[in-house]
Amino acid sequence: MTWQIDAGRDLVKSFGDRMAMFVRGEGAYLWDANGRRYLDFLAGIAVTSLGHAHPVFVEALATQAATLAHVSNYFATPPQLELASRLKRLAGTGDGGRVYFGNSGAEANEAAFKLARLHGGADRPRVLALTNAFHGRTMGTLALTGKPAMQEPFLPMVPGVEFIDSTVEALEAAIDDRVAALFIEPIKGEAGVVELPTGYLQAARELTERHGALLIVDEIQTGAGRTGEWFAFQHAGITPDAITVAKGIGGGFPIGALITFASASDLFYPGTHGSTFGGNALGTAVAGAVLAEIERADLVANAADRGAQLRAIIDRIGSPLVSGCRGQGLLIGVGLRAPVAKAVVAAAQERGLIINAPNDETIRLVPALNIGDVELDEFALLFADTLAAVQAALADSTGGTP
Ligand SMILES: Cc1ncc(COP(=O)(O)O)c(C=O)c1O
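Residues numbered from 1 in each chain as written. Predicted model: local features only at pLDDT ≥ 70, side-chain atom pairs only at ≥ 80, totals over all residues. Heavy atoms only, no water.

**Student:** Honestly, the sheet that holds strand β16 (residues 356-359) in this entry has me stumped. Any pointers?
**Tutor:** By way of backbone hydrogen bonds, the strands of a sheet pair with one another, either parallel or antiparallel. Strands sit in the order β13-β14-β17-β16 across an open sheet of four strands; the sheet is antiparallel. Pairing within the sheet leaves two strands with one partner each, and these edge strands are β13 (322-328) and β16. Geometrically, the sheet is characterised by an average inter-axis angle of 30 degrees between neighbouring strands, direction not taken into account. Where strand β14 (residues 331-336) meets strand β17 (residues 362-365), four bridges bridge the pair, whose relative direction is antiparallel. Pairing of G335 across the sheet is with T362, part of β17. (Pairing = 2+ DSSP bridges. Helix = DSSP H or I, 4+ residues; strand = E, 2+ residues; numbered from the N terminus. Axes fitted to C-alpha atoms, helices over the stretch in contact; angles between N-to-C directions.)

Following this line, the structure appears as structure tokens:
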């Protein structure tokens, strides 16, 4: 069968044209339908934490599929309880923590939004979220996402959400005793890997606590060890009321979760939320195995070390196109001095390197957490060549440097 890359024919048009057709993956590499190999520094947008077709992932999926896949949430299964307890330990919730399982980041945030409403009741109708943060595409999570252009075609939004700038001053001005919750994306991945100001999370914790509002941290892109801690809030030494996780937790299996700390663990009561598939034995067995492997191989430390190495590589390349790096660990945004990120992505792909552009002036690098020297050396060559080619094309078209 000849594969046509024609998203317009059978798939909804919301994703636009597909950039390639991949048929196989192994480790940090992908192969397209023509047998060409690519170095994958996108990892399915921070999802395949262990790389592709990792034996631990494959074994967990196959074994659990042959044992018990799904029984509904009327019943418990060992992998579900084991994963809940592992997530609580890694997040540091203590005994008072609880876990709700869904199937995606958006579902985790939907649960968090409902948690906020349960906490707020009639007295606290306000929910605060940060301008330019991304929390998902469902109607609830879109309402939490501070990007007017994304919301506009789908108005009216779920009411009650107010957007504030990511400054302590803006939070101080906005917060009062009628706020149910503050949602935070600790590094704004979709906005171009934009960090919060130093001290923001600590100030947010202090102010939400003072006003009785929940602090909910969206760790969907930053979690599972990607930033060099299990969760980004841990760099700040604070305790939130709840966090949401997805993406890298499942290593490629769709799973999301809301993890509550003791302060928010008693809000849900029977009948207030649920999902047919959420937390089924198959997904939780795979996520449990993925997290166990991240722990066993100390990939959280690897994310910190390899992230530093990656930044040093980009510095060494010294491209005049690059203004600098943002982010933490293996969540890196490479800032560009000209709006040519799409051209950089295309030039990289031509050379066998998969990267991504969250906006016109940023390249996002989110490889698997277990990359090593071999992958970094190959990346250095491919990325240097990519940047040089785009720089040359730009110089040709403008008659000078960016
Ligand atoms: C910070 C953050 N929150 C929520 C989401 C939504 O997750 P999903 O696409 O799994 O629904 C994403 C996805 O990119 C994300 O990066």
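This is not the end of the story, as more comes after the structure.
**Student:** Help me understand the site of the ligand, please; the structure alone is not making it clear to me.
**Tutor:** Around the ligand lies a shell of 13 residues, among which G105, A106, E185, D218 and Q221 are the nearest. With respect to the ligand, the side chain of Q221 contributes an N or O atom lying 2.7 Å from an oxygen atom. A total of 390 Å² of accessible area belongs to the ligand in isolation, and the protein chains cover 81% of it. Per-element accounting of the shell around the ligand gives the leading share, three residues, to helix α5 (residues 105-120). (Near = heavy atom within 4 Å. Polar contact = N/O pair within 3.5 Å; in protein donor to acceptor, adjacent residues only side chain to side chain. Areas by Shrake-Rupley, 256 points an atom, 1.4 Å probe, with all protein chains shown as cover.)

**Student:** When you look at the layout of surface pockets in this model, what are you seeing that I'm missing?
**Tutor:** Empty space among the atoms becomes visible once a probe the size of a water molecule is rolled across them. The space that makes up the second largest pocket amounts to roughly 670 Å³. Surrounding the second largest pocket, 28 residues form its lining, R98, V99, Y100, F101 and F268 being those nearest its centre. Listed by contribution, the elements that provide at least two residues to the lining of the second largest pocket are α4 (78-91), β4 (98-102) and β12 (256-260). If one sorts the elements of the lining of the second largest pocket by residue count, β4 sits on top with four residues. The class makeup of the residues in the lining of the second largest pocket is 14 nonpolar, 12 polar and two charged. (1 Å grid on protein atoms, 1.4 Å probe; cavity = no way out; pocket = protein on both sides within 12 Å on 5 of 7 lines; lining within 4 Å. Points joined across faces, edges and corners; volume = space filled by probe spheres on them. Nonpolar A, V, L, I, M, F, W, Y, C, P; charged D, E, K, R; others polar.)

**Student:** I'm lost on the packing of helix α3 (residues 55-65) against helix α10 (residues 281-296) in this one. Help?
**Tutor:** The relative placement of two packed helices is expressed as an angle between their axes plus a distance between the axes. α10 packs onto α3 with a crossing angle of 150 degrees between their chain directions and a minimal axis gap of 9 Å. On the basis of the axis angle, α3 is roughly antiparallel to α10. Pair α3 / α10 crosses with right-handed handedness. Side by side, α3 and α10 meet where V56, F57, A60, L61, Q64 and A65 of the first sit next to A281, L282, A285, V286, A289, V290 and E293 of the second. (Parallel < 35°, antiparallel > 145°, perpendicular 65-115°, else oblique. Left-handed = near helix turned anticlockwise from the far one by under 90°. Contact = heavy atoms within 4.5 Å.)

**Student:** How should I be thinking about the sheet that holds strand β11 (residues 242-245) in this particular structure?
**Tutor:** The sheet built from seven strands is open, its strands ordered β4-β12-β11-β10-β7-β5-β6 with mixed pairing. With partners counted over all chains shown, the strands left at the sheet margins are β4 and β6 (161-164), one partner each. Neighbouring strand axes in the sheet, compared pairwise and without regard to direction, differ in orientation by 20 degrees on average. Seen against the sheet, helix α9 (residues 200-211) touches β5 (126-130), β6, β7 (179-184) and β10 (214-218) and runs at an angle of roughly 170 degrees to β7.

**Student:** For this particular structure, what's the right way to read the packing of aromatic side chains?
**Tutor:** Working definition: an aromatic ring pair is given by the centre-to-centre distance plus the angle between the planes. Within this structure, the stated rule accounts for seven aromatic pairs. Residues F231 and F233 carry aromatic rings whose centres are separated by 6.3 Å and whose planes lie at 10 degrees to one another, so their mutual orientation is stacked. Of the two residues, F231 and F233, both sit in the buried class. An aromatic cluster of three or more residues is present, and its members are F41, F379 and F383. Over the face of the ring belonging to W31 we find R24, whose NZ or CZ atom lies 4.1 Å from the ring centre. Just above the ring of Y38 sits the side chain of R36; from NZ or CZ to the centre is 5.2 Å. (Phe/Tyr/Trp six-rings, centres within 6.5 Å; stacked < 30°, edge-to-face > 60°. Buried < 20%, exposed > 50% of the residue type's maximum accessible area, 1.4 Å probe, protein only. Lys NZ or Arg CZ within 6 Å of the ring centre and 35° of its normal.)

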